[in-house]
Structures are given as structure tokens and as C-alpha cells.
Amino acid sequence: MATLSEWSHENPKLLVFTGAGLSAESGISTFRDADGLWEKHDIDVVANGYTWRDNLDLVRQFYNDRRVGLAAVEANLAHQMVAQWQQQYNTLVLTQNIDDLLERAGCRDVIHLHGKLSEMRCVACGLIWDIGYRAWEENERCDCGSRRGVRPNVVFFNEDADQYQHMYTAFENISSGDCIVIIGTSGQVIAVDQLINSSDCLKILNNLNSSKFISEAIYDHVLLGNATEMCIKIDKLIEAYMGA
Ligand code: NAD
Ligand code: ZN
């Protein structure tokens, strides 16, 4: 387990970067796969930084439904494997996921690049608070008393993601002898290829299917299949390389 600062001062490093595919087998829809979330919801209505206020009822309903759904599912073997790597190696975990399944599997210090479903934020003062899996009520207000409103503490499209600076720092800190594991991301929102391109290290990719946004040729190992099966293979690759 390590914070970014602790992690960057120790060698060798394991950097785990995850996306919606990691939680797919737990029963949380991905965004872009067939039958994914965007097949059923309009992105411009429920996750758009410019327009979310105009669609407040739908936005509230959408995120409340996501929280109900999250409460009903469990971490899977791949989440647990990431937690095990945190115990075994000098590991930093970055995720695009807003769910808490990595934490429920035992991961700590996870950097949530797109925020957390279980948190709300005051639009006026920026205060963040945990609401767990409960509903975001229509009259929910921040303690500061502002009437400007509250919102989920997640990054909508067209908004800056302040956690990205930590992601850039982490990838810049990778050097030879380190290992990058990427699980369950299409590369459409965050261009992972560009992050790892110059890193001289072991690069492992796991997705269910190939993505047109990812060049598989730049990875040392590409494992196509379910994360819960592939994580066992990834574990062996890491062990052989990092010499556990
Ligand atoms: P994406 O939906 O664009 O891509 C999902 C990727 O996961 C695909 O490459 C697919 O091949 C792979 N995949 C699907 N099932 C898999 C499985 N069982 N095992 C391994 N891989 C599997 O997701 P993304 O790249 O993370 O980006 C989309 C955005 O979606 C992110 O901004 C994220 O915040 C958001 N999102 C989060 C959640 C969540 O919190 N669980 C769910 C949906 C979307
Ligand atoms: Zn406030």
C-alpha cells in the first residue's frame, strides 16, 4: 500500500491502471460496451459539465440509481487480486471507476481519477461529504448554507479532472524494471497508449476485446478475456518479472 509520494520513492514499482471493465463482472455496466450505460442514457443529459443543471432531476435519478446498483454488487476476484498486489509489491492504483469495489476488496490509497459515486460536493464552497449508497435528496444542502446547489463528486464530460496531475506524475515516475498493468479500459476517455509509450518497463494489458483506441503492439503482453480469469495470468507475469 502506498500513497503516490511513498510509491515514487521505492523500487521496483507496480502501477495498476483500471477502467470500467474491472467492475463489469461484478455487474456494473461499462460505458461503451454493447449494452453499456450509454446505450441507455444520453451522455449530454446525465454527465455533461455544461448542461447537468438543466437536467437536474434526471442527473439526480441517474446517480441515485448508480448508488443503489453499487450497494447491491460485490468486488470480484480481479479487485481482490489488485489488493493482493498492494500487499506484495510497491503498488500504486489508479482508477477511472467511480465505484468503491477496489476499496471493498481491501485496496487503499486508490486514486480515483473521475471521483467517487459515494461523495457529494458543494458547488459553492467545494466541501465534499460521503453519502454512501443513499439517495441524493432534492433539498440536499451543504452546511455552508449556499443555495447554489450540490452535485456528485464525479468528473462530468467537459470538466477538468484535477486528479490527472497525479496520473501524469505516476507514469513519469515509471522506469525500467517497473511494471504497468492496465485492466478494463477502452482508452477512449484517457489515452493510455500516450501515457505509457515512452516507459521502458513491462507493460501488460487486459481487456475483453481489442479497442480501436489502444495499439496492442506497444504492450509486452495483451490478454483478451475476463479480468477475473486474466488476473491470475497477470499475477504470474508480475511475479516472474518483479521476482516476488
Ligand atoms: P469503457 O466502457 O470505455 O471500456 C471498457 C473496457 O473494459 C473495454 O475495453 C472492454 O473490452 C473492457 N472490458 C469489459 N468487460 C471486461 C471484463 N470482464 N474484463 C476485462 N475487461 C473488460 O470504460 P473506461 O475506459 O473505463 O472509460 C469510460 C468511463 O466510464 C470512465 O470515465 C469511467 O469513469 C466511467 N465508468 C465507470 C464505471 C464504474 O465506476 N464502474 C462504470 C462505467 C463507466
Ligand atoms: Zn458549501
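Student: Quick one: what's the story with the overall build of the chain, residue by residue and with numbers?
Tutor: The secondary structure content of the chain amounts to ten helices and nine strands. A globule of 244 residues ought to have a C-alpha radius of gyration of about 18 Å, and the chain, at 18 Å, matches this closely. Within the span of the chain, comprising 244 residues, buried residues form 49% of the whole. Within the chain, counting contacts between residues at least 6 apart in sequence, those at least 24 apart form 63% of the total. Accessible surface computed for the chain: about 11600 Å², of which carbon and sulfur atoms make up 46%. Computing the positive centroid from 20 side-chain charges and the negative centroid from 34, the chain places the two 5 Å apart.

Student: Pulling in residues and values, what's your account of helix α8 (residues 164–172)?
Tutor: Because an α-helix packs 3.6 residues into every turn, residues spaced three or four apart end up facing the same way. Along α8, the positions that sit buried rather than exposed are Tyr164, Met167, Ala170 and Phe171. In an axial view of α8, the angular spread of the buried residues amounts to 115 degrees, which keeps them on one side of the axis. Structurally, α8 contributes buried residues whose contacts are with α1 (4–8), β1 (14–18), β2 (91–95), β7 (179–183) and α9 (192–196).

Student: Outline the pattern of salt bridges, listing residues and values.
Tutor: Where charged atoms from two side chains of opposite charge approach closely, those side chains can pair. Evaluation of the coordinates by the stated rule reveals five salt bridges. Asp100 is the salt-bridge partner of Arg104, the closest N and O atoms lying 3.2 Å from each other. Salt-bridge contacts for Glu119 lead to Lys116; the nearest nitrogen and oxygen are separated by 3.9 Å. Judged by relative accessible area, which is 28%, Lys116 ranks as partly exposed.

Student: Account for the coordination of the zinc ion (ligand 2), naming residues and giving values.
Tutor: The coordination sphere of the zinc ion (ligand 2), as far as protein atoms go, consists of Cys122 (SG), Cys125 (SG), Cys142 (SG) and Cys144 (SG), spread over 2.3 Å. Coordination geometry of the zinc ion (ligand 2): the four donor atoms subtend angles of 107 to 119 degrees at the metal centre, consistent with an arrangement described as tetrahedral. Within one chain, the residues donating to the zinc ion (ligand 2) are spaced in sequence as C-x2-C-x16-C-x1-C.

Student: How would you sum up the environment of Ile214? Please name residues and give values.
Tutor: As for its placement among the helices and strands, Ile214 is situated in the loop between β8 (202–207) and β9 (221–224). Note on Ile214: relative accessible area 8%, which makes it buried. Setting aside residues up to four positions removed in sequence, Ile214 forms contacts with Thr185, Ser186, Gly187, Val192, Asp193, Leu205, Asn207 and Tyr219.

Student: Got a sec to walk through the pairing of strand β4 (residues 115–122)? Specific residues and values, please.
Tutor: Note on strand geometry: in a regular strand, side chains alternate between the two faces of the sheet. A large share of β4 lies buried, amounting to six of its eight residues. Bridging between β4 and strand β6 (residues 150–154) involves four bridges; their strand directions are antiparallel. Each bridged residue has a counterpart across the sheet, and for Gly115 the counterpart in β6 is Val154. Sheet topology places β4 next to strand β5 (residues 128–130); three bridges connect them, and they run antiparallel. Bridging from a neighbouring strand, Arg121 pairs with Ile128 of β5. Counted between consecutive antiparallel strands, the loop separating β4 from β5 contains five residues, among which Gly126 sits at a positive phi close to 85 degrees.

Criteria and thresholds
Residues numbered from 1 in each chain as written. Chains lettered and ligands numbered in written order. Predicted model: local features only at pLDDT ≥ 70, side-chain atom pairs only at ≥ 80, totals over all residues. Heavy atoms only, no water. Helix = DSSP H or I, 4+ residues; strand = E, 2+ residues; numbered from the N terminus. Rg over C-alpha atoms; globule rule 2.2 N^0.38 Å. Buried < 20%, exposed > 50% of the residue type's maximum accessible area, 1.4 Å probe, protein only. Contact = heavy atoms within 4.5 Å. Areas by Shrake-Rupley, 256 points an atom, 1.4 Å probe, with all protein chains shown as cover. Lys, Arg positive; Asp, Glu negative; His and termini not counted. Charge placed at Lys NZ, Arg CZ, Asp CG, Glu CD. Arc of directions from axis to C-beta. Salt bridge = Lys/Arg side-chain N within 4 Å of Asp/Glu carboxyl O. Donors = N, O, S within 2.8 Å, 3.2 Å for Na, K, Ca; no water. Tetrahedral: all angles 85-135°; square planar, octahedral: opposite > 155°, others 65-115°. Pairing = 2+ DSSP bridges.

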